[in-house]
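Working through the structure, step by step
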Amino acid sequence: MTFGSVFWGRLREQRAALVAAGVVALLVLVALGAPLLTAVEGQDPTTYHPDLIDSARGGVPIGSFGGISGEHWLGVEPQTGRDLFARLVYGARVSLGVALAATVVQVFIGVAVGIAAGLGNRWVDQALSRATDVIVALPLVVLALALMAVVPAGFPRPVLVALVIGLVAWGNVAKIVRAQTVTLKELDYVAAARLSGWSTLRIARRELLPALAAPVITYAALLVPVNITVEAALSFLGVGVKPPTASWGQMLTAADVWYQAAPQYLLLPAGALFVTVFALTVLGDGVRTALDPRAASRLRIGTGRKREARA
């Protein structure tokens, strides 16, 4: 059996992970299809509708449930009248895109540093390990705030957020890869490759990377929901994605003053964040179990014991 078929077979045994995968797939489709969905509704995320807000009451949407109607499926935004459905689906593009891009940057840097430390001599290992410890010890949000404060305002904000998160949060990936590399390089086939005169780059590409795929993929799957939360936090603090670009964190920035007059303005992005983070976390745990033969064995043993108890 191939690795893919074994992985899929183990993943299918976990119903929660399959449901989570379906939710994540739906969210990705919504994000990719945002222009089509908003075209069907007939709205866009940036157009103001001042006629749909009550300026005498401070900008509260006119009508029931925040101005929900056939033209505005989820109502409109307080003060601006922008369509909430359009901003929500376009916000999914930014939040998911930033999280995935940041994860790619983290994994790339972490794998490179971890392999270099594991295969390098004692001095290289010590230098890279201490640098990794410093990165891990630094507070992510505070460091991200400092870096984003010095970047010109004209730089694309979603790209900047993804780069900043990736550049300051690769330490744990590097530590995992370094530990795995130290173990793998003692194995016979890696030692034989080194004695054969293979270069470090060739050993890493041909012998180590395939063996590192499982732990790296597992950790990357768990990093995505963390990065979504960090992006939302940065946008909430006002240094992330800027208006008029829609993101769930940026929508939450102003929602705290409207939760009584227009509760859906707070509940919709908050609910979307919760569902996305929860689904990705469950899926990441399912991927970890499917890629770990010991975890799969424990799962089968536990199931057998339950069946014996029922018998």
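Our subject in this report is the structure included herewith. These numbers come from a predicted model, not from an experiment. (Residues numbered from 1 in each chain as written. Predicted model: local features only at pLDDT ≥ 70, side-chain atom pairs only at ≥ 80, totals over all residues. Heavy atoms only, no water.)

**Here we look at unusual backbone geometry**
Residues apart from glycine generally show negative phi values, whereas peptide bonds are mostly found in trans. In this model, Gln 79 sits at a positive phi of 75°, which is unusual for a non-glycine residue. Locating Gln 79 in the fold gives a position in the loop between strand 2 (60–61) and helix 4 (84–119). (Helix = DSSP H or I, 4+ residues; strand = E, 2+ residues; numbered from the N terminus.)

**Section: a nonpolar patch on the surface**
On the surface, Phe 155, Val 159, Leu 163 and Leu 167 cluster together into a nonpolar patch covering about 320 Å² of accessible area. Note on placement: Leu 167 falls in helix 7 (residues 157–168). (Patch = residues over 30% accessible without salt bridge, like charges linked within 9 Å, V, L, I, M, F, W, Y side chains within 5 Å. Areas by Shrake-Rupley, 256 points an atom, 1.4 Å probe, with all protein chains shown as cover. Salt bridge = Lys/Arg side-chain N within 4 Å of Asp/Glu carboxyl O.)

**Topic: the pattern of salt bridges**
All told, the structure shown has five salt bridges when counted by the stated rule. We note a salt bridge from Arg 82 to Glu 77, for which the minimum N-O separation is 2.7 Å. Overall, the relative accessible area of 6% leaves Arg 82 in the buried class. By relative accessible area, which is 2% here, Glu 77 ends up buried. A salt bridge links Asp 133 to Arg 130; the shortest N-O distance between them is 2.9 Å. Of this pair, Asp 133 and Arg 130 both sit in helix 5 (residues 122–137), separated by three residues, roughly a single helical turn. Judged by relative accessible area, which is 43%, Arg 130 ranks as partly exposed. Overlapping salt bridges bring together Glu 77, Arg 82 and Arg 87 as one network. (Buried < 20%, exposed > 50% of the residue type's maximum accessible area, 1.4 Å probe, protein only.)

**Considerations on the packing of aromatic side chains**
If you walk through the whole model with that rule in mind, you get two aromatic pairs. When the ring of Trp 73 is compared with that of Phe 85, the centres are 5.0 Å apart and the planes differ by 55°; the resulting orientation is tilted. Note that Trp 73 is positioned in the loop between strand 2 and helix 4 and Phe 85 in helix 4, a separation of 12 residues in sequence. Ring centres of Phe 274 and Phe 278 lie 5.9 Å apart, and the angle between their planes is 10°; this geometry places the pair in the stacked category. With Phe 274 and Phe 278 both in helix 12 (residues 264–291) and four residues apart, the pair spans about one turn of that helix. Like Phe 274, the residue Phe 278 is exposed in the burial classification. In this structure, Arg 122 packs its charged tip against the face of Trp 123, placed 4.6 Å from the ring centre. The ring of Trp 198 carries Arg 202 above its face, with NZ or CZ at 4.1 Å from the centroid. (Phe/Tyr/Trp six-rings, centres within 6.5 Å; stacked < 30°, edge-to-face > 60°. Lys NZ or Arg CZ within 6 Å of the ring centre and 35° of its normal.)

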